[in-house]
Amino acid sequence: MAQNIPESHMQIIRSAKNYEEAIRVASKPLLEYDYITEEYVQAMIDSIEEHGPYIVLADDFALPHARPSEAVKETGLSLLTVKEGVDLKGNTVKLFVVLAAKDSSSHNEMLQSLAEFLMDKQNIKDVVACNTVKDIKTILNERWN
Amino acid sequence: MKILAVCGFGVGSSMILKMTIQKAMREIGVEGDVINTDISDSTGHNADAVFSSPDFIGDLEKRFKNKDVKLYAIKRYSDLSEVKEKVQDLVDSKK
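Residues numbered from 1 in each chain as written. Chains lettered and ligands numbered in written order. Predicted model: local features only at pLDDT ≥ 70, side-chain atom pairs only at ≥ 80, totals over all residues. Heavy atoms only, no water.

S.K.: Got a minute to help me understand the overall build of chain B in this structure?
M.R.: Check the secondary structure of chain B and you find three helices and four strands. What you see in chain B, going N to C, is helices and strands ordered as β-α-β-β-α-β-α. For chain B, the C-alpha radius of gyration of 12 Å lies close to 12 Å, the compact-globule estimate for 95 residues. Counting only C-alpha atoms and orienting by the principal axes, one finds that chain B spans roughly 30 × 30 × 20 Å. Here chain B holds 95 residues, and the buried ones make up 54% of them. Pairs at least 24 residues apart make up 55% of the contacts formed inside chain B by residues separated by at least 6 positions. Per element, the accessible surface of chain B, about 4,300 Å² overall, is 41% carbon and sulfur. Separation of charge centres in chain B, based on 15 positive and 15 negative side chains, amounts to 0 Å. (Helix = DSSP H or I, 4+ residues; strand = E, 2+ residues; numbered from the N terminus. Rg over C-alpha atoms; globule rule 2.2 N^0.38 Å. Buried < 20%, exposed > 50% of the residue type's maximum accessible area, 1.4 Å probe, protein only. Contact = heavy atoms within 4.5 Å. Areas by Shrake-Rupley, 256 points an atom, 1.4 Å probe, with all protein chains shown as cover. Lys, Arg positive; Asp, Glu negative; His and termini not counted. Charge placed at Lys NZ, Arg CZ, Asp CG, Glu CD.)

S.K.: Is there a simple way to explain unusual backbone geometry in this structure?
M.R.: Backbone geometry follows two general trends: most residues other than glycine have a negative phi, and most peptide bonds adopt the trans configuration. Residue and element names in this part refer to chain A. In this model, aspartate 34 sits at a positive phi of 65°, which is unusual for a non-glycine residue. Among the secondary structure elements, aspartate 34 is positioned in the loop between α1 (19-32) and α2 (38-51). When its relative accessible area of 43% is taken as the criterion, aspartate 34 is described as partly exposed. Phi angles above zero are rare outside glycine, and aspartate 60 is one such case at about 75°. Along the chain, aspartate 60 turns up in strand β3 (residues 60-62).

As structure tokens, then:
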């Protein structure tokens, strides 16, 4: 089975002030476990200012990320659900998956599985409906292949 | 048929878009290559069409001004029905 996201990298919150706060919270596990540095978090936020909201890949879903750089020590993903949703430049987002990519290829397999997962909109709804990270993990284990 | 999937960095969103385009092509029954790239490298490739977000289309129009390339704005990179509609339009335009 393709690698998905460990429970230690998942969080559920009720609300966030804005998308910047949501991305900072979503990035915490990757900072704590030393996958990324603060610079990477800032780069992700700056990228939205620069390029617009195209990281909103599906309704309710965003994939914050920035260019591979020395600010990424290890390739990985973290996940955050914001129950009430948060505005990202005109789009409501309830599910964030932060992508930290060390280079341009080490994450490809992971992203291919994520792409398949996202094409079924029900998957996003079901993850957002979860009240525990354990339930989210169960869904990912069943449907993220 | 060759399609470029373009985003700001060429590593994350464009990879997801590439997967959606490939799935759309499979469902339509058309063969071809999809390459994901960032906006600055995009003109280094020969392609029949470029798929990207509405935010990048203006910039891409300038870059591809003198080339015979169709540009498609995709709002949701994971939306299979949106992407499929655009791939179908491209296929029809080649007939």
